[in-house]
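# Residue-level structure breakdown
As a plain string of letters, each chain reads:
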Amino acid sequence: MTRSLASQRAANYRKNGAEWYGNFTYTPIAGLGPEVGIHRRDPSSVLLVDDLYYVYYTRSAGPHFGRQSAGAGRAKLYPWDFADIYYATSLDGIVWQEQGPSVQRGPKGSFDARTVCTPDVLEYEGKFYMVYQTQSDKASYFTGRSESVGMAIADKPAGPWRKFREEILTPMENGDWFGNDDSYNSGTFVGVTHDPSLYFYKGAFWLYYKCGSAADAVSGVNPHKHSGPDTRWGVATSVRPEGPYTHSPLNPITNSGHETMLWHYNGGIAALLNRDGPEQDTIQWAADGVSFELMAHVNNTPQGGGAFRSGEEEAHPLAGIQWGLCHLDQRAEKWNCLMRFDLDPRQSNRVGSGYPASN
Ligand code: AAL
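Notes on the structure follow. Everything quoted here is computed from the prediction, not taken from an experiment. (Residues numbered from 1 in each chain as written. Predicted model: local features only at pLDDT ≥ 70, side-chain atom pairs only at ≥ 80, totals over all residues. Heavy atoms only, no water.)

### Thoughts on the overall build of the protein
On a plain count of helices and strands, the protein comes out with two helices and 21 strands. By residue count, 59% of the 359 residues in the protein fall in the buried class. Restricting the contact set of the protein to residue pairs at least 6 apart, pairs at least 24 apart contribute 57%. (Helix = DSSP H or I, 4+ residues; strand = E, 2+ residues; numbered from the N terminus. Buried < 20%, exposed > 50% of the residue type's maximum accessible area, 1.4 Å probe, protein only. Contact = heavy atoms within 4.5 Å.)

What follows is the structure, encoded as C-alpha coordinates:
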(Lines give C-alpha, C1' and ligand atoms only; values in the text may rest on other atoms or scores of the structure.)
Protein backbone atom coordinates (compact mmCIF):
# COMPACT_ATOMS: atom_id res chain seq x y z
CA MET A 1 0.00 0.00 0.00
CA THR A 2 1.30 3.41 -0.88
CA ARG A 3 1.07 5.94 1.87
CA SER A 4 1.94 9.57 1.80
CA LEU A 5 4.76 10.67 4.08
CA ALA A 6 2.23 12.62 6.11
CA SER A 7 0.11 9.51 6.59
CA GLN A 8 3.13 7.59 7.80
CA ARG A 9 3.90 10.31 10.31
CA ALA A 10 0.29 10.40 11.46
CA ALA A 11 0.43 6.67 12.13
CA ASN A 12 3.47 7.23 14.32
CA TYR A 13 1.79 10.01 16.26
CA ARG A 14 -1.16 7.69 16.87
CA LYS A 15 1.14 5.25 18.62
CA ASN A 16 1.77 7.92 21.24
CA GLY A 17 -1.94 8.03 21.98
CA ALA A 18 -4.57 10.69 21.43
CA GLU A 19 -4.69 11.25 25.17
CA TRP A 20 -1.50 13.31 24.88
CA TYR A 21 -3.28 15.98 22.84
CA GLY A 22 -5.29 18.90 24.18
CA ASN A 23 -6.24 22.54 23.80
CA PHE A 24 -5.27 25.41 26.05
CA THR A 25 -7.81 27.96 27.20
CA TYR A 26 -7.17 31.11 29.20
CA THR A 27 -9.12 32.92 31.92
CA PRO A 28 -8.40 36.30 33.52
CA ILE A 29 -7.77 36.11 37.25
CA ALA A 30 -8.52 38.65 39.95
CA GLY A 31 -5.80 40.07 42.16
CA LEU A 32 -2.81 39.35 39.86
CA GLY A 33 -4.17 40.81 36.63
CA PRO A 34 -2.95 43.95 34.84
CA GLU A 35 -1.82 46.75 37.13
CA VAL A 36 -0.18 49.97 35.97
CA GLY A 37 3.32 50.28 37.42
CA ILE A 38 3.77 46.62 38.45
CA HIS A 39 5.08 43.62 36.50
CA ARG A 40 4.05 40.15 37.63
CA ARG A 41 5.29 37.16 35.64
CA ASP A 42 6.85 33.68 35.58
CA PRO A 43 4.63 32.03 38.20
CA SER A 44 5.80 28.89 40.02
CA SER A 45 3.94 25.61 40.11
CA VAL A 46 0.67 26.03 42.02
CA LEU A 47 0.53 24.22 45.38
CA LEU A 48 -2.53 23.27 47.44
CA VAL A 49 -1.88 23.28 51.18
CA ASP A 50 -4.70 23.06 53.74
CA ASP A 51 -7.34 23.97 51.15
CA LEU A 52 -5.49 27.08 50.00
CA TYR A 53 -3.71 27.48 46.67
CA TYR A 54 -0.28 29.13 46.70
CA VAL A 55 1.69 30.65 43.85
CA TYR A 56 5.06 32.44 43.80
CA TYR A 57 6.11 34.81 41.04
CA THR A 58 8.41 37.57 39.84
CA ARG A 59 7.30 41.05 40.84
CA SER A 60 8.98 44.30 39.89
CA ALA A 61 7.88 47.89 40.06
CA GLY A 62 8.42 50.60 37.50
CA PRO A 63 9.30 50.77 33.81
CA HIS A 64 12.18 48.97 32.09
CA PHE A 65 14.34 50.27 29.29
CA GLY A 66 15.35 47.24 27.22
CA ARG A 67 18.54 45.43 26.38
CA GLN A 68 19.93 48.41 24.49
CA SER A 69 20.22 50.38 27.73
CA ALA A 70 22.64 47.83 29.27
CA GLY A 71 25.52 50.29 28.99
CA ALA A 72 23.72 52.71 31.26
CA GLY A 73 24.84 50.87 34.39
CA ARG A 74 21.95 50.17 36.68
CA ALA A 75 19.10 50.84 34.30
CA LYS A 76 16.31 48.29 34.62
CA LEU A 77 16.51 46.27 31.40
CA TYR A 78 13.59 43.88 31.63
CA PRO A 79 10.41 43.34 33.64
CA TRP A 80 12.29 40.64 35.61
CA ASP A 81 15.29 42.88 36.33
CA PHE A 82 15.55 44.37 39.86
CA ALA A 83 12.68 42.10 40.90
CA ASP A 84 11.67 40.18 44.04
CA ILE A 85 9.63 37.02 44.52
CA TYR A 86 6.14 37.53 45.91
CA TYR A 87 3.39 35.07 46.69
CA ALA A 88 -0.39 35.01 46.50
CA THR A 89 -3.09 32.70 47.78
CA SER A 90 -6.49 31.67 46.45
CA LEU A 91 -9.44 29.51 47.45
CA ASP A 92 -10.51 28.74 43.88
CA GLY A 93 -7.57 29.45 41.53
CA ILE A 94 -9.38 32.46 40.03
CA VAL A 95 -9.50 35.08 42.79
CA TRP A 96 -6.04 35.65 44.24
CA GLN A 97 -4.73 37.81 47.07
CA GLU A 98 -1.16 39.03 46.88
CA GLN A 99 0.30 38.41 50.33
CA GLY A 100 3.75 40.01 50.10
CA PRO A 101 7.36 39.07 49.42
CA SER A 102 8.67 35.51 49.90
CA VAL A 103 12.28 35.96 48.78
CA GLN A 104 13.95 39.30 48.17
CA ARG A 105 17.18 40.37 46.52
CA GLY A 106 20.38 39.75 48.47
CA PRO A 107 22.81 42.35 49.83
CA LYS A 108 25.31 44.18 47.60
CA GLY A 109 27.91 41.82 46.19
CA SER A 110 25.84 38.66 46.67
CA PHE A 111 24.98 36.21 43.90
CA ASP A 112 21.34 37.35 43.94
CA ALA A 113 21.83 41.06 44.56
CA ARG A 114 20.46 42.35 41.27
CA THR A 115 17.36 40.26 40.82
CA VAL A 116 15.54 37.21 42.14
CA CYS A 117 12.85 35.91 39.81
CA THR A 118 11.18 33.03 38.00
CA PRO A 119 10.71 30.76 41.03
CA ASP A 120 9.44 27.23 41.43
CA VAL A 121 8.51 25.44 44.65
CA LEU A 122 8.62 21.73 45.53
CA GLU A 123 6.88 20.38 48.61
CA TYR A 124 8.82 17.41 49.93
CA GLU A 125 8.37 15.62 53.25
CA GLY A 126 6.75 18.58 54.98
CA LYS A 127 9.21 21.21 53.78
CA PHE A 128 9.01 23.67 50.92
CA TYR A 129 12.00 24.11 48.62
CA MET A 130 12.04 27.20 46.43
CA VAL A 131 14.44 27.42 43.50
CA TYR A 132 14.79 30.74 41.75
CA GLN A 133 16.68 32.52 38.99
CA THR A 134 19.20 35.14 40.04
CA GLN A 135 21.40 37.87 38.71
CA SER A 136 24.37 39.18 40.68
CA ASP A 137 25.56 42.77 40.69
CA LYS A 138 29.16 41.68 40.15
CA ALA A 139 29.17 42.02 36.39
CA SER A 140 27.16 43.75 33.76
CA TYR A 141 23.96 41.97 32.87
CA PHE A 142 25.40 40.16 29.90
CA THR A 143 28.85 39.16 31.09
CA GLY A 144 30.46 37.12 33.81
CA ARG A 145 28.07 34.16 33.77
CA SER A 146 26.38 35.76 36.71
CA GLU A 147 22.98 34.14 36.34
CA SER A 148 22.66 31.14 38.62
CA VAL A 149 20.05 29.30 40.69
CA GLY A 150 19.32 30.10 44.33
CA MET A 151 17.37 28.12 46.93
CA ALA A 152 15.27 28.98 49.96
CA ILE A 153 13.55 26.61 52.42
CA ALA A 154 10.41 27.07 54.49
CA ASP A 155 8.37 24.95 56.90
CA LYS A 156 5.15 26.56 55.69
CA PRO A 157 4.18 27.80 52.23
CA ALA A 158 3.67 31.31 53.63
CA GLY A 159 7.28 31.30 54.89
CA PRO A 160 9.41 32.58 56.44
CA TRP A 161 11.90 31.48 53.77
CA ARG A 162 15.52 30.81 54.72
CA LYS A 163 17.74 31.72 51.79
CA PHE A 164 21.00 29.92 51.08
CA ARG A 165 24.06 32.18 51.12
CA GLU A 166 25.44 30.64 47.93
CA GLU A 167 23.89 29.60 44.66
CA ILE A 168 23.02 25.90 44.27
CA LEU A 169 23.70 25.75 40.53
CA THR A 170 25.84 27.76 38.14
CA PRO A 171 25.82 27.50 34.36
CA MET A 172 27.61 24.57 32.78
CA GLU A 173 30.53 25.77 30.72
CA ASN A 174 31.91 24.52 27.45
CA GLY A 175 29.22 22.03 26.62
CA ASP A 176 28.83 21.00 23.05
CA TRP A 177 25.52 20.06 21.58
CA PHE A 178 26.69 18.00 18.65
CA GLY A 179 30.40 18.58 19.13
CA ASN A 180 32.85 21.08 17.73
CA ASP A 181 32.76 19.65 14.25
CA ASP A 182 29.12 20.41 13.80
CA SER A 183 28.33 23.93 12.82
CA TYR A 184 24.83 23.56 14.21
CA ASN A 185 25.91 24.64 17.64
CA SER A 186 29.56 24.34 18.46
CA GLY A 187 30.99 25.88 21.56
CA THR A 188 29.41 26.72 24.86
CA PHE A 189 25.74 25.96 24.92
CA VAL A 190 24.81 26.85 28.45
CA GLY A 191 25.27 30.54 29.12
CA VAL A 192 22.55 30.67 31.74
CA THR A 193 20.54 28.55 34.14
CA HIS A 194 17.08 30.06 33.85
CA ASP A 195 13.60 28.86 34.83
CA PRO A 196 14.71 26.35 37.49
CA SER A 197 12.09 23.72 38.30
CA LEU A 198 12.57 21.06 40.96
CA TYR A 199 11.19 17.50 41.16
CA PHE A 200 11.75 14.47 43.37
CA TYR A 201 12.21 11.53 41.05
CA LYS A 202 13.84 8.12 41.39
CA GLY A 203 15.24 8.87 44.83
CA ALA A 204 16.93 12.13 43.82
CA PHE A 205 16.20 15.80 43.27
CA TRP A 206 16.07 16.82 39.63
CA LEU A 207 16.62 20.47 38.83
CA TYR A 208 15.55 21.23 35.27
CA TYR A 209 16.43 24.58 33.75
CA LYS A 210 16.45 26.55 30.54
CA CYS A 211 19.76 27.26 28.87
CA GLY A 212 20.85 28.86 25.65
CA SER A 213 23.87 29.10 23.44
CA ALA A 214 26.54 31.55 24.52
CA ALA A 215 26.10 33.29 21.21
CA ASP A 216 22.53 34.02 22.10
CA ALA A 217 23.11 34.97 25.72
CA VAL A 218 26.07 37.27 25.18
CA SER A 219 25.85 38.80 21.74
CA GLY A 220 22.37 38.07 20.58
CA VAL A 221 23.88 36.45 17.49
CA ASN A 222 22.54 33.02 16.81
CA PRO A 223 23.80 31.28 13.70
CA HIS A 224 21.15 28.63 13.52
CA LYS A 225 17.97 29.54 15.24
CA HIS A 226 14.64 28.17 14.16
CA SER A 227 12.25 30.47 15.91
CA GLY A 228 12.55 32.79 18.86
CA PRO A 229 15.58 32.72 21.15
CA ASP A 230 17.82 29.67 20.83
CA THR A 231 16.75 28.01 24.06
CA ARG A 232 16.58 24.40 25.27
CA TRP A 233 16.79 22.66 28.61
CA GLY A 234 19.32 21.03 30.88
CA VAL A 235 19.03 19.10 34.13
CA ALA A 236 21.18 18.67 37.21
CA THR A 237 20.60 16.14 39.99
CA SER A 238 21.41 15.74 43.66
CA VAL A 239 20.59 13.18 46.33
CA ARG A 240 19.82 16.02 48.74
CA PRO A 241 17.41 18.86 47.94
CA GLU A 242 19.95 21.52 48.87
CA GLY A 243 22.64 20.03 46.60
CA PRO A 244 25.33 19.78 45.50
CA TYR A 245 23.78 19.45 42.05
CA THR A 246 25.63 17.85 39.15
CA HIS A 247 24.81 18.72 35.55
CA SER A 248 23.84 15.76 33.41
CA PRO A 249 26.55 14.87 30.87
CA LEU A 250 23.69 14.52 28.37
CA ASN A 251 22.81 18.22 28.54
CA PRO A 252 21.12 19.76 26.74
CA ILE A 253 18.34 17.21 27.06
CA THR A 254 15.92 19.07 24.78
CA ASN A 255 16.56 20.97 21.56
CA SER A 256 13.66 23.38 22.14
CA GLY A 257 11.47 24.95 24.76
CA HIS A 258 11.51 28.22 26.64
CA GLU A 259 10.21 28.31 30.22
CA THR A 260 10.29 24.89 31.91
CA MET A 261 7.12 23.01 32.81
CA LEU A 262 7.38 19.30 33.64
CA TRP A 263 5.38 16.69 35.50
CA HIS A 264 5.49 13.05 36.52
CA TYR A 265 3.79 10.48 34.35
CA ASN A 266 3.98 6.72 34.01
CA GLY A 267 7.29 6.39 35.81
CA GLY A 268 8.89 9.06 33.62
CA ILE A 269 8.90 12.83 33.25
CA ALA A 270 6.60 14.67 30.85
CA ALA A 271 7.25 18.20 29.61
CA LEU A 272 5.67 21.03 27.70
CA LEU A 273 8.20 22.63 25.37
CA ASN A 274 6.82 26.01 24.44
CA ARG A 275 7.51 28.73 21.90
CA ASP A 276 11.19 28.32 20.89
CA GLY A 277 13.15 25.86 18.78
CA PRO A 278 12.43 23.25 16.10
CA GLU A 279 10.23 21.24 18.49
CA GLN A 280 8.45 24.22 19.95
CA ASP A 281 4.89 23.68 21.20
CA THR A 282 5.16 19.97 21.77
CA ILE A 283 4.50 17.69 24.70
CA GLN A 284 7.30 15.23 25.29
CA TRP A 285 7.98 12.36 27.65
CA ALA A 286 11.18 10.75 28.91
CA ALA A 287 11.00 7.30 30.50
CA ASP A 288 14.24 8.11 32.37
CA GLY A 289 13.85 11.87 32.88
CA VAL A 290 16.44 12.75 30.20
CA SER A 291 15.61 10.92 26.95
CA PHE A 292 12.73 13.05 25.72
CA GLU A 293 10.48 11.87 22.90
CA LEU A 294 7.87 13.89 21.10
CA MET A 295 4.36 12.76 22.08
CA ALA A 296 2.05 15.49 20.78
CA HIS A 297 1.88 18.84 19.06
CA VAL A 298 -0.07 21.52 20.87
CA ASN A 299 -0.68 25.15 20.11
CA ASN A 300 -1.53 28.35 21.93
CA THR A 301 0.80 27.22 24.71
CA PRO A 302 1.13 29.12 28.00
CA GLN A 303 4.11 31.42 28.49
CA GLY A 304 6.04 31.13 31.72
CA GLY A 305 3.51 28.59 32.96
CA GLY A 306 3.41 26.97 36.38
CA ALA A 307 1.09 23.97 36.64
CA PHE A 308 -0.98 22.87 39.60
CA ARG A 309 0.83 19.99 41.24
CA SER A 310 -2.18 17.86 42.07
CA GLY A 311 -0.49 14.71 43.23
CA GLU A 312 -2.66 12.88 40.67
CA GLU A 313 -0.21 13.16 37.82
CA GLU A 314 -0.31 9.46 37.06
CA ALA A 315 -4.04 9.48 36.28
CA HIS A 316 -3.66 10.73 32.73
CA PRO A 317 -0.78 11.95 30.53
CA LEU A 318 -2.00 15.54 30.86
CA ALA A 319 -3.10 15.48 34.51
CA GLY A 320 0.16 17.22 35.42
CA ILE A 321 -0.81 20.31 33.41
CA GLN A 322 -4.54 20.29 33.94
CA TRP A 323 -4.43 23.94 34.95
CA GLY A 324 -2.08 26.55 36.31
CA LEU A 325 -1.02 30.16 35.98
CA CYS A 326 1.06 31.76 33.24
CA HIS A 327 1.97 35.26 32.22
CA LEU A 328 0.94 37.73 29.61
CA ASP A 329 4.32 38.98 28.41
CA GLN A 330 3.71 42.40 27.02
CA ARG A 331 6.88 44.07 25.88
CA ALA A 332 7.63 47.76 25.64
CA GLU A 333 5.53 49.97 27.84
CA LYS A 334 2.93 47.37 28.82
CA TRP A 335 2.75 45.77 32.25
CA ASN A 336 3.13 42.00 32.55
CA CYS A 337 0.44 40.17 34.49
CA LEU A 338 -0.71 36.66 35.37
CA MET A 339 -3.65 34.67 34.09
CA ARG A 340 -4.94 31.14 34.38
CA PHE A 341 -4.57 28.41 31.79
CA ASP A 342 -6.58 25.21 31.55
CA LEU A 343 -5.74 22.28 29.33
CA ASP A 344 -8.80 20.68 27.88
CA PRO A 345 -7.97 17.22 26.55
CA ARG A 346 -10.74 17.37 23.95
CA GLN A 347 -9.10 14.82 21.73
CA SER A 348 -8.35 12.42 24.52
CA ASN A 349 -9.84 9.27 25.90
CA ARG A 350 -10.60 11.24 29.05
CA VAL A 351 -9.45 8.71 31.56
CA GLY A 352 -8.41 9.93 34.96
CA SER A 353 -9.97 12.20 37.49
CA GLY A 354 -10.94 15.78 36.94
CA TYR A 355 -11.44 15.51 33.19
CA PRO A 356 -14.64 16.37 31.38
CA ALA A 357 -16.88 13.49 30.32
CA SER A 358 -17.16 12.64 26.63
CA ASN A 359 -19.64 14.61 24.58
C1 AAL B 1 11.18 34.24 31.32
C2 AAL B 1 12.16 33.15 31.65
C3 AAL B 1 13.34 33.72 32.39
C4 AAL B 1 13.97 34.78 31.53
C5 AAL B 1 12.93 35.83 31.65
C6 AAL B 1 12.64 35.80 33.12
O7 AAL B 1 10.10 33.92 30.61
O8 AAL B 1 12.56 32.42 30.54
O9 AAL B 1 12.84 34.44 33.50
O10 AAL B 1 15.18 35.21 32.03
O11 AAL B 1 11.81 35.43 30.85
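### Describing the site of the ligand
Taken together, the residues surrounding the ligand are R41, D42, W80, T118, Q133, H194, D195, K210, H258, E259, R275 and H327. Note that an oxygen atom of the ligand is positioned 2.9 Å from one of the side-chain N or O atoms of K210. Contact between the ligand and E259: an oxygen atom at 2.5 Å from a side-chain N or O atom of the residue. A total of 280 Å² of accessible area belongs to the ligand in isolation, and the protein chains cover 97% of it. Partitioned by chemical class, the residues of the shell around the ligand number one nonpolar, five polar and six charged. (Near = heavy atom within 4 Å. Polar contact = N/O pair within 3.5 Å; in protein donor to acceptor, adjacent residues only side chain to side chain. Areas by Shrake-Rupley, 256 points an atom, 1.4 Å probe, with all protein chains shown as cover. Nonpolar A, V, L, I, M, F, W, Y, C, P; charged D, E, K, R; others polar.)

### Remarks on the nonpolar core
W20, F24, W263, L272, I283 and I321 are the most contacted members of the largest nonpolar core, which has 20 residues in total. At the level of elements, β15 (262–265), β16 (268–273), β17 (282–286), β18 (293–297) and β21 (337–344) are the ones that each hand at least two residues to this core. Here the element with the most residues in this core is β21; it accounts for three residues. (Core = buried A, V, L, I, M, F, W, Y, C linked by side-chain atoms within 4.5 Å.)

### Description of the environment of P241
Relative to the elements of secondary structure, P241 occurs in the loop between β13 (231–238) and β14 (246–247). Excluding residues within four positions of it along the chain, P241 makes contact with Y129, M151 and F205.

### With respect to the sheet that holds β21
As summarised here, the arrangement of the four strands in space is β1-β21-β20-β19, forming an open sheet in which the pairing is antiparallel. Single-partner strands in this sheet number two, and they are β1 (23–28) and β19 (306–307). As paired elements, β19 and strand β20 (residues 323–328) share two bridges and run antiparallel to each other. Its bridge partner lying in β20, G306 is registered against L325. (Pairing = 2+ DSSP bridges.)

### Re empty space enclosed by the protein
Counted under the stated rule, the structure contains two cavities of 30 Å³ or more. Considering only enclosed or pocket space, the largest cavity measures out at about 190 Å³ in volume. In terms of lining residues, the largest cavity is bounded by 25 residues, among which D120, S197, T260, G305 and G306 are the most central. Counting only elements with at least two residues in the lining of the largest cavity, the list comes to β7 (115–124), β11 (194–201), β15 and β19. No other element matches β11, which puts four residues into the lining of the largest cavity. (1 Å grid on protein atoms, 1.4 Å probe; cavity = no way out; pocket = protein on both sides within 12 Å on 5 of 7 lines; lining within 4 Å. Points joined across faces, edges and corners; volume = space filled by probe spheres on them.)

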